[in-house]
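One-letter residues, chain by chain:
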Amino acid sequence: MELLANMLRPKSLNEVIGQKHLIGEDKVLTNLVKNGKIFSMILYGKPGIGKTSIANALINELHIRSKFLNATTNNKADFDIAIEEAKMYGEMILVIDEIHRMNKDKQDILLPHIESGLIILIGLTTSNPYHKINPAIRSRCQIFELKELSVEDIMEGLKRAQKYLSDLVIDDEALKYIATLSSGDFRSALNTLEVTYYATTDHKITIDDIKKINNKPVFFHDKDEDGHYQVLSAFQKSIRGSDVDAALHYLARLIVAGDLDSIYRRMSVIAYEDIGLANPGIGPKVMAAIEAAELVGLPEARIPLAEVVTEMALSPKSNSTILAIDAAISDINRGISGEIPKHIIEGSPDYVYPHNFKNDYVKQEYMPEKLKDRKYYMKKDNKYEANLNRLYEEMRGEK
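Source: prediction; values computed, not measured. (Residues numbered from 1 in each chain as written. Predicted model: local features only at pLDDT ≥ 70, side-chain atom pairs only at ≥ 80, totals over all residues. Heavy atoms only, no water.)

A. Spotlight on the environment of Asp259. Note on placement: Asp259 falls in the loop between helix H13 (244-256) and helix H14 (260-275). Residue classification places Asp259 among the buried positions, given a relative accessible area of 3%. (Helix = DSSP H or I, 4+ residues; strand = E, 2+ residues; numbered from the N terminus. Buried < 20%, exposed > 50% of the residue type's maximum accessible area, 1.4 Å probe, protein only.)

Structure follows, in structure tokens:
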């Protein structure tokens, strides 16, 4: 028996759920299909939000021969065969799932053929390609981030699925419960609907029936359907506010939902936005905790994440660097910049080399004339920044 998720696999882009920033009137993927042209690309985003569906829809609409491979389960010989097939037909769309796991041997095989256009690559990944994919592959691809599906998106898809389940009776409240329970994963929502349908004798599905199949707590649902972002916001504000218990509570909610990517991104931002120079060692610690969490996976991932979140909440805080860079960007956006001083332009004979002087410092002007004496960085009252400022003043001979 064919699974519901396979029955609903889109045959064209207009059947794809969500992703309105890429699909629709005058949107990039729709226009590519309209113009009969496709380029190598990487589609990335959370599981169950349409990466494979979009790849299938593009192939169906463009009528180009294609092949699906997995970066980990398919070996080097499988990739060699795909290239030979592409040579036979002149070109081929090669869809590679889990592309962030593709090893160097396979990359080396593919690179020249992607470069020549023989292979049109569609890479699929749940990981951020800017962090996890080899730059040589990445530079040859357009990168498209797929957005998390809303409750409304998933409900729309579930309603489409109803026609494949004869005599199904389910109201909008129960559909909404399934959609919310899925945390943005449409495939998960379809599986829950299908299993619940076959687990009932009369095919009349209620919320109580759904709970018997999936009793995962629904944390992200609220009247505005933006509870997911509210939890992330509360997580950051609890760390910023140095409330370690609240920070661990919201971390737990995110962990139970299995939303590790959102945890990683938000922790990385907090380390530099809210803790900053008050404890500059926290950034590398956060990255180390993320790497450990990725290595061991859930449920053990909770341990390094909880440890670093605890330290982040207890750490001194400073937002001096974000204030400084935002002030500098504001000046640029307002057209306040000016010419670079001539003596620090590359090759200028008038440049004075600081390392030839005591404390590796010599007084000379670095700012454009228009911004002379402009101060962006204003230190906060914490030990690390106070020590930096003391060393800075000593270097300049001001103490």
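So, next bit.
B. Region of interest: the nonpolar core. Formed by 51 residues in total, the largest nonpolar core has its most connected members in Ile122, Leu158 and Leu193. Excluding residues within four positions of it along the chain, Leu193 makes contact with Leu4, Leu158, Ala161, Leu165, Leu168, Ile170, Ile178 and Ile205. The next biggest cluster of nonpolar side chains, apart from the first, holds 27 residues, and it includes Ile239, Leu254, Ala271 and Leu305. (Core = buried A, V, L, I, M, F, W, Y, C linked by side-chain atoms within 4.5 Å. Contact = heavy atoms within 4.5 Å.)

C. Summary view of the environment of Glu156. Within the element layout of this structure, Glu156 appears in helix H8 (residues 151-161). Residue class for Glu156 comes out partly exposed when judged on its relative accessible area of 33%. Spatially, the C-alpha atoms of Glu156 and Asn359 are 66 Å apart, while their sequence positions differ by 203 residues.

D. How the structure looks around unusual backbone geometry. In this chain, Leu298 is followed by Pro299 through a cis amide linkage whose omega measures 10 degrees. Secondary-structure assignment places Pro299 in the loop between helix H15 (282-296) and helix H16 (302-314). The phi dihedral of Asp360 is positive, around 55 degrees, even though this residue is not glycine. Relative to the helices and strands, Asp360 resides in the loop between helix H17 (320-333) and helix H18 (383-395). Judged by relative accessible area, which is 42%, Asp360 ranks as partly exposed.

E. Examining H18 more closely. With 13 residues, H18 should reach 18 Å at 1.5 Å per residue; the first-to-last C-alpha distance of 18 Å fits that figure. Phi turns positive, to about 75 degrees, at Gly397, one or two residues after H18. (Expected span 1.5 Å × (residues − 1).)

F. Representation of the pairing of strand E1 (residues 41-44) within the structure. Side chains of E1 alternate between two faces, with Met41 and Leu43 and Ile42 and Tyr44 buried alike. Two strands pair when backbone bridges link them, and E1 and strand E5 (residues 142-145) are joined in this way by 4 bridges, in the parallel orientation. Directly across from Tyr44, in E5, lies its bridge partner Glu145. (Pairing = 2+ DSSP bridges.)

G. Looking closely at the packing of helix H4 (residues 76-89) against helix H5 (residues 104-116). The interhelical angle for the contact between H4 and H5, taken along N-to-C directions, is 10 degrees, at an axis separation of 9 Å. As summarised for this structure, H4 and H5 are arranged roughly parallel, according to the angle between their axes. Judged by residue contacts, Lys76, Phe79, Asp80, Ile83 and Lys87 of H4 engage Asp105, Lys106, Ile109, Leu110 and His113 from H5. Residues belonging to the contact of H4 with H5 are distributed by class as follows: 4 nonpolar, 1 polar and 5 charged. (Axes fitted to C-alpha atoms, helices over the stretch in contact; angles between N-to-C directions. Parallel < 35°, antiparallel > 145°, perpendicular 65-115°, else oblique. Nonpolar A, V, L, I, M, F, W, Y, C, P; charged D, E, K, R; others polar.)

H. Here's a closer look at the packing of aromatic side chains. With the rule as written, the count across this model stands at 1 aromatic pair. Summarising the aromatic geometry, the rings of Tyr197 and Tyr198 are spaced 4.8 Å apart at their centres and angled 85 degrees between planes, so their arrangement reads as edge-to-face. For Tyr197, a relative accessible area of 4% gives the class buried. Look at Tyr198 and you get partly exposed, because its relative accessible area is 46%. The side chain of Lys37 reaches across the aromatic face of Phe39, ending 5.5 Å from its centre. If you follow Arg65 out to its NZ or CZ, it ends over the ring of Tyr89, 3.8 Å from the centre. (Phe/Tyr/Trp six-rings, centres within 6.5 Å; stacked < 30°, edge-to-face > 60°. Lys NZ or Arg CZ within 6 Å of the ring centre and 35° of its normal.)

I. Region of interest: the confidence of the model for the chain. Chain-level statistics for the chain give a pLDDT mean of 88 and a share of 96% at 70 or above. Mean pLDDT values over the elements of the chain span from 77, in helix H6 (residues 129-132), up to 96, in H16. Within the model, pLDDT remains below 50 along residues 220-226, and this stretch shows 14 contacts once partners closer than five positions in the same chain are excluded. (pLDDT = per-residue confidence, 0-100.)

J. Layout of the packing of H8 against helix H9 (residues 172-181). Between H8 and H9, whose axes approach to 9 Å, the crossing angle comes to 120 degrees. Overall, the two elements H8 and H9 adopt an arrangement that is oblique. Once H8 is placed against H9, the crossing between them reads as right-handed. On the side of H8, the interface is formed by Val151, Ile154, Met155, Leu158 and Lys159, while H9 contributes Asp172, Leu175, Lys176, Ile178, Ala179 and Thr180. (Left-handed = near helix turned anticlockwise from the far one by under 90°.)

K. Geometry of the sheet that holds strand E2 (residues 66-70). Taken in spatial order, the 5 strands of this open sheet run E2-E3-E4-E1-E5, and their pairing is parallel. Each end of this open sheet is capped by a strand with a single partner; those strands are E2 and E5. Taking the axes of each pair of neighbouring strands and ignoring which way they run, one obtains an average angle of 20 degrees across the sheet. Both E2 and strand E3 (residues 92-97) contribute to a ladder of 5 bridges, which runs parallel. Paired with Ser66 across the strands is Ile93, a residue of E3. Against the sheet, H4 engages E2, E3 and strand E4 (119-125), with an angle of about 170 degrees to E2.

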